[in-house]
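# Breakdown of the fold
Listed below are the residues making up each chain.
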Amino acid sequence: MFYSPPRINNYRPDIDGLRAIAILTVVFFHTFPEFFPGGFIGVDIFFVISGFLISGIIFKKLEKENFSFTDFYFRRIRRIFSSINFSFNWYHNCWMHTFGPS
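Right, let's walk through the structure included here. Since the model is a prediction, treat every value here as computed from it, not as a measurement.

## Side note on the overall build of the protein
Summing up its helical and strand segments, the protein has 3 helices and 0 strands in all. The linear arrangement of helices and strands in the protein, starting from the amino end, is α-α-α. Relative to the globule expectation of 13 Å for 102 residues, the C-alpha radius of gyration of the protein, 19 Å, shows a markedly less compact shape. Taking the principal axes of its C-alpha atoms as reference, the protein extends roughly 60 × 40 × 30 Å.

## So, helix α3 (residues 69-99)
Look at α3: 43 Å from first C-alpha to last across 31 residues, which is about the 45 Å you get at 1.5 Å a residue. At the N-terminal boundary of α3, the capping side chain belongs to Ser 68, with an oxygen 3.3 Å from the backbone nitrogen of Thr 70.

## What about the pattern of salt bridges?
In total, this model carries 3 salt bridges according to the counting rule given. In this structure, Arg 12 engages Asp 14 in a salt bridge whose closest nitrogen and oxygen atoms are separated by 2.7 Å. Classification of Arg 12 by relative accessible area gives partly exposed; the value is 29%. Residue Asp 14 is classed as partly exposed on the basis of its relative accessible area of 44%. Between Arg 75 and Asp 71 there is a salt bridge, with the nearest N and O atoms lying 3.5 Å from each other. One end of the pair, Arg 75, and the other, Asp 71, are both in helix α3, 4 residues apart, so they sit about a helical turn from each other.

## Digging into the side chain of Arg 76
Tracing the backbone shows Arg 76 in helix α3. For Arg 76, which is buried and forms no salt bridge, the nearest opposite charge comes from Asp 71, at a distance of 8.8 Å. Apart from residues no more than four positions distant in its own chain, Arg 76 is found in contact with Ile 54 and Ile 57.

Conventions adopted
- Residues numbered from 1 in each chain as written.
- Predicted model: local features only at pLDDT ≥ 70, side-chain atom pairs only at ≥ 80, totals over all residues.
- Heavy atoms only, no water.
- Helix = DSSP H or I, 4+ residues; strand = E, 2+ residues; numbered from the N terminus.
- Rg over C-alpha atoms; globule rule 2.2 N^0.38 Å.
- Expected span 1.5 Å × (residues − 1).
- Polar contact = N/O pair within 3.5 Å; in protein donor to acceptor, adjacent residues only side chain to side chain.
- Salt bridge = Lys/Arg side-chain N within 4 Å of Asp/Glu carboxyl O.
- Buried < 20%, exposed > 50% of the residue type's maximum accessible area, 1.4 Å probe, protein only.
- Lys, Arg positive; Asp, Glu negative; His and termini not counted.
- Contact = heavy atoms within 4.5 Å.

This is the structure in structure tokens:
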């Protein structure tokens with residue numbers, strides 16, 4: 001009937017679809033607030049998805065009996081700090097280009 005490609009690393013396309021809906025509700029809310037009230041619900045949806053995924057990671061590690069708070073937080077920090085570093089550098093460069101020395 002339909003071909004279903006094998007999942008790699010337990011990839012869930014349905015979760016990506018929910019993420020897209022969550023992001024679009026926030027974007028539409030900020031773009032057309034008078035036509036799209038309540039778009040901030042996308043942030044709530046995104047937090048629920050994140051909690052679901054993080055819980056799954058924790059439960060799998062607990063089942064294998066190799067869960068470590070240190071390892072868990074190290075991976076979270078490493079992932080978040082790379083985004084923070086990129087954002088900081090991007091905005092710093094934009095600021096310096098706009099308001100920097102003449």
